[in-house]
Amino acid sequence: MGTEKLTRRGALAALAGAGVGSGVAQAAGGGRAVVSIYLTGGADTNNLIVPLDRSYTAYARGRGALALARTSLLAVRTATSGRSFGFHPAARGLKDLFERRLLGVVANVGGKTAPATPGHRMEGVRFVRGGFLAPRYVQAAWGGSSFFTFRENGLSMSVLGGGGTVTADSPSLLGAARAATLRTVFPRTSLGRQLELVARLLRSGAGGQVFCCNLGGFDTHTRQLERQVALFTELSEAMAAFYEATVEMGIAGLVTTYTDTEFNREMTPNATQGTGHGWGGHHLVMGGSVVGGEVHGTFPDMAVGGSGDATGRGAWIPSTARERFEATVAAWAGIPLSDLSRVYSELLGAASPTLPFLVG
């Protein structure tokens, strides 16, 4: 059985594609779908969700000029512990989903290796190609232009962003997505258009089980506060619209959407009102099967220079392994844990190989 090396950015897309080989149907046909939103550049999630209890003092001290005022944050309480957090003021849609228990936060997720220089490349993942893995998935990525690629039996379909040019080897797939009707109104942003296409593909029954969308611009070495307003607005509005579309289609419990990024950013600002590369960060998970209204895992104490800081500038040592996060989503999508253990050796012998942020 051969092996293939894949960047971590695409690892879960390939993994969850295994659900087709495992007999899990498309979401529109009664099965499950996973939607990944990749925040390119290393998203600063320290300002996406902020503790409002005694840790806020450490947050404000460490963030300095990049700290958000306590009164500006959109306050929420976790459903179980009642701990107080605040979403970024531009993330009202996320705050509302959290309060409706449709969105959860998985805290301080990261890989085994700390990011190195600003030009570093993320570590790869080896996975077994064959057996439970089926080469079928839908991917939306960003490489100069946005594109969706449908791969099945040698067919491919791409929808290029910007000018809206469409090329397709499978016109029926694109036609089905175009013909699909939705009452939900999506924002006319890059991410909004990508998620609308995902929704139309799900409505039409076309496509694979894993959709990977991308929102760029998170490499905030300069003007971070200013840039975050636009970035978090786009993310929040697009995710809220997509969830409502899944409700409209009657598949909210069959679709799980999550965010991913290369790494969090440091707490301490630099001389250009931005931040350097950090390490552990917070992922959002949304859908009808999500244990929402919760912050899962261990949130950093926000103390720059403390025991949880890898650099002395607020790069959090991850308390949740990225592998367990990915394995939890992949297992929900239908991949047996025995197969996941072949991919993620870290899960072998683990008493609880997955995390409790998804049910069913």
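Quick note: structure is the one above.
About the cut-offs
- Residues numbered from 1 in each chain as written.
- Predicted model: local features only at pLDDT ≥ 70, side-chain atom pairs only at ≥ 80, totals over all residues.
- Heavy atoms only, no water.
- Phe/Tyr/Trp six-rings, centres within 6.5 Å; stacked < 30°, edge-to-face > 60°.
- Helix = DSSP H or I, 4+ residues; strand = E, 2+ residues; numbered from the N terminus.
- Pairing = 2+ DSSP bridges.
- Axes fitted to C-alpha atoms, helices over the stretch in contact; angles between N-to-C directions.
- Contact = heavy atoms within 4.5 Å.
- Parallel < 35°, antiparallel > 145°, perpendicular 65-115°, else oblique.
- Nonpolar A, V, L, I, M, F, W, Y, C, P; charged D, E, K, R; others polar.
- Buried < 20%, exposed > 50% of the residue type's maximum accessible area, 1.4 Å probe, protein only.
- Polar contact = N/O pair within 3.5 Å; in protein donor to acceptor, adjacent residues only side chain to side chain.
- Salt bridge = Lys/Arg side-chain N within 4 Å of Asp/Glu carboxyl O.
- Expected span 1.5 Å × (residues − 1).
- Left-handed = near helix turned anticlockwise from the far one by under 90°.

Before going further, it helps to spend a moment on the packing of aromatic side chains. Counted by the stated rule, this structure contains 6 aromatic pairs. With a centroid separation of 5.6 Å and an interplanar angle of 65°, the aromatic rings of F87 and F98 are classed as edge-to-face. Of the two residues, F87 sits in strand β5 (residues 84–87) while F98 sits in helix α4 (residues 92–99), which places them 11 residues apart along the sequence.

Strand order in the open sheet made by the 3 strands is β3-β5-β4, with antiparallel pairing throughout. Either end of the sheet is taken by a strand with one partner, and the two such strands are β3 (49–51) and β4 (74–77). In this sheet, neighbouring strand axes are inclined to one another by 35° on average, regardless of whether the strands run parallel or antiparallel. Against the sheet, α4 contacts β4 and β5, and its axis sits at roughly 15° relative to β4.

Moving on to the packing of α4 against helix α7 (residues 224–249). Orientation of α4 relative to α7, taken along the N-to-C sense of each, is 45°, at an axis distance of 7 Å. In terms of orientation, α4 and α7 fall into the oblique class. When α4 is examined against α7, the residues R92, G93, L94 and L97 are found in contact with a partner set consisting of L235, S236, M239, A240 and Y243. Of the residues that constitute the contact of α4 with α7, the class distribution is 6 nonpolar, 2 polar and 1 charged.

Attention now moves to the side chain of Q194. Note that Q194 resides in helix α6 (residues 190–204). Note on Q194: relative accessible area 4%, which makes it buried. Among the polar contacts listed, one links the side chain of Q194 to the backbone oxygen of N214, at a separation of 2.8 Å.

With that out of the way, let us pick up the pattern of salt bridges. Per the counting criterion, the structure on display carries 11 salt bridges. One salt bridge connects R188 with E196, and the closest N-O pair in it is separated by 2.6 Å. You can call E196 buried: its relative accessible area is 14%. Several salt bridges converge on common partners, so that one network encompasses R188, E196 and R200.

A few words on helix α8 (residues 322–333). With 12 residues, α8 should cover 16 Å at 1.5 Å per step; its first-to-last C-alpha distance of 17 Å lies within 8% of that length. Among all positions in α8, only R322, E323, F325, E326, A327, T328, V329, A330, W332 and A333 are buried.

This part is about the packing of α6 against α7. Close contact between α6 and α7 brings their axes to 9 Å; oriented N to C, the two are set at 15°. With respect to α7, the element α6 is oriented roughly parallel. As α6 packs across α7, the resulting crossing turns out to be right-handed. When α6 is examined against α7, the residues S190, L191, G192, L195, V198, A199, L202 and R203 are found in contact with a partner set consisting of E234, L235, A238, M239, F242, A245, E248 and M249. Counted by class, the contact of α6 with α7 contains 11 nonpolar, 2 polar and 3 charged residues.

Given a rise of 1.5 Å per residue, 15 residues ought to cover 21 Å, and the 21 Å separating the end C-alpha atoms of α6 matches this to within 8%. The buried fraction of α6 amounts to 11 of the 15 residues, a majority that puts the element mostly inside the structure. For α6, every residue scored as buried is listed here: S190, L191, G192, Q194, L195, E196, L197, V198, A199, L201 and L202. Downstream of α6 by one or two residues, G205 has phi in the positive range, about 85°.

Within the fold, S319 resides in the loop between β15 (295–296) and β16 (320–321). Judged by relative accessible area, which is 40%, S319 ranks as partly exposed. Note: C-alpha distance between S319 and T298 (21 residues apart in sequence) is 6.3 Å. Setting aside residues up to four positions removed in sequence, S319 forms contacts with A107, N108 and T298.

Time to look at the pairing of β4. Within a regular beta strand, the side chains point alternately toward one face of the sheet and then the other, so they alternate between its two faces. Side chains L74 and V76 project from β4 onto a buried face, and the interleaved A75 and R77 project onto a face without burial. Note that β4 and β5 share 4 bridges and pair antiparallel. Bridging from a neighbouring strand, V76 pairs with F85 of β5. Between the antiparallel neighbours β4 and β5 lie 6 residues, among them G82 with a positive phi of about 75°.

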